[in-house]
Each structure stands twice: as structure tokens, then as C-alpha cells.
Amino acid sequence: MSLEGAARLGVLLRERGLSISTAESLTGGLLGAVITDIAGASDYYAGGVTTYATASKAAVLSVDPAVLATLGPVSGTTAEQMAAGVRGLFATSIGLSTTGVAGPTAQDGKPVGLVFIGLSAESGTFSREFMSSGESREEVRHQTVEFALDLLIDHLTGRTPE
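Q: Is there a simple way to think about the environment of Gly17 in this case?
A: Examined against the element boundaries, Gly17 turns out to sit in the loop between helix H1 (4–16) and strand E1 (20–24). Once the C-alpha coordinates of Gly17 and Tyr44 are considered, the two residues, 27 residues apart in sequence, prove to be 7.7 Å apart.

Take a look at the structure:
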């Protein structure tokens, strides 16, 4: 996986004096690892949590249990609440979250490769749906990290409508 996106993100965050935290499900800490592969990431990366189990999303990130019961752990609303929850937990400028189905089988009727990225910032909270073309768990997870980095870079550069 290219570190180009993580390096570019680091420059943008540092230039703007912003901080970030991550909440991950299907990526299992991979997003935070890629961000921290960049020297000096401690200038802007406060930390992250991996809430792989559905119950941990509610317990750690304050995702509404009713949302988890009705929409499930793989939804735009869940991703948004995860991003807002981690942003509050770490008191950062931005919270970025990943939730989805890495495979090898569908989950709760949702297909392998379906991913939601949540982003919470002072300007608001939103999510984007992404369908990975990855053929393995590893490919889905790596594409999710790339998509999350690209989404945040687009947001910071004004290319993503909310």
C-alpha cells in the first residue's frame, strides 16, 4: 500500500493545525497504522480504537444501540456515530471511521466489499458508501484505507460536498 496518501494527509493536517483520531472496524487498526507510518504523525494523530465487535461500538464509541439493532454495524449512520464518538473520545478536530464487510461471506445480508466511511469535523458529520472491488479480505481492507484517506484529503481540500 502506498504511503503517498498518508503523507499528503499529514501535510494538510499539519498546515491547518488539525488533529485526527480513528475508529475502525473491518480495517482492524490498519488505518491508524498507515497514518502513523509517516514520521511526525504524533503532531496530528491522537490515537484510535478498533471496535470490531458490534457491542464495542456502543460501549466505547457511544453508537446508539437502537441504530445497531435496526441498521446494523454496517451502515452510514453507524459510521457517522463511530466518527463522532472517536472525535469526542480523543477531543480531536476530526474523527474518521471505517465499517464494512471484508468477507469472505456476507454479513446480515450485506455483501462482501460494502464499506462505509464516517467523517466528523467541526463543520459536521457525514458518511460515504464504498463498494470495494477487492477479491480477498486483505484487498478489501487495504482499499478501505485508501478510500478513507482519499475522502479525508478531498474534504480538507474542499472537493467533497457534505
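Let's pick the thread back up.
Q: Explain the packing of aromatic side chains here, please?
A: Each aromatic ring pair is described using two quantities: the centre-to-centre distance and the angle formed by the ring planes. Tallying each qualifying case throughout the model produces 1 aromatic pair. A centroid spacing of 4.4 Å and a plane angle of 10° characterise the contact between Phe130 and Phe147, whose relative ring orientation is stacked. Here Phe130, found in strand E5 (residues 124–131), pairs with Phe147, found in helix H6 (residues 137–156); they are 17 residues apart in sequence, far enough to count as distant. The class for Phe130 is buried, based on a relative accessible area of 17%.

Q: Honestly, the pattern of salt bridges in this entry has me stumped. Any pointers?
A: Side chains that differ in charge, positive against negative, can pair when their charged atoms come close. Counting across every chain of the model gives 3 salt bridges. We note a salt bridge from Glu15 to Arg16, for which the minimum N-O separation is 3.8 Å. The partly exposed category is assigned to Arg16, whose relative accessible area is 37%. Two residues, Asp154 and Arg159, come together in a salt bridge whose shortest N-O distance is 2.6 Å. For Asp154, a relative accessible area of 23% puts it in the partly exposed group.

Q: How should I be thinking about the packing of H1 against H6 in this particular structure?
A: In helix packing, the relevant descriptors are the interaxial angle and the interaxial distance, both defined with respect to the helix axes. Here H1 crosses H6 at 35°, and the two axes come no closer than 10 Å. As for how H1 packs across H6, the hand of that crossing is left-handed. Within the contact between the two elements, H1 uses Gly5, Ala6, Arg8, Leu9, Leu12, Leu13 and Arg16 and H6 uses Leu149, Leu152, Ile153 and Leu156. For the contact of H1 with H6, the residue count by class is 8 nonpolar, 1 polar and 2 charged.

Q: Sorry if this is basic, but what is going on with the pairing of E5 here?
A: Successive side chains on a regular strand alternate, one facing one side of the sheet and the next facing the other. The pairing of strand E4 (residues 114–121) with E5 spans 8 bridges and is classified as antiparallel. Paired with Ala121 across the two strands is Gly124, which belongs to E5. Between E4 and E5, which pair antiparallel in sequence order, lie 2 residues.

Here is what the cut-offs are and how they apply
- Residues numbered from 1 in each chain as written.
- Predicted model: local features only at pLDDT ≥ 70, side-chain atom pairs only at ≥ 80, totals over all residues.
- Heavy atoms only, no water.
- Helix = DSSP H or I, 4+ residues; strand = E, 2+ residues; numbered from the N terminus.
- Phe/Tyr/Trp six-rings, centres within 6.5 Å; stacked < 30°, edge-to-face > 60°.
- Buried < 20%, exposed > 50% of the residue type's maximum accessible area, 1.4 Å probe, protein only.
- Salt bridge = Lys/Arg side-chain N within 4 Å of Asp/Glu carboxyl O.
- Axes fitted to C-alpha atoms, helices over the stretch in contact; angles between N-to-C directions.
- Left-handed = near helix turned anticlockwise from the far one by under 90°.
- Contact = heavy atoms within 4.5 Å.
- Nonpolar A, V, L, I, M, F, W, Y, C, P; charged D, E, K, R; others polar.
- Pairing = 2+ DSSP bridges.

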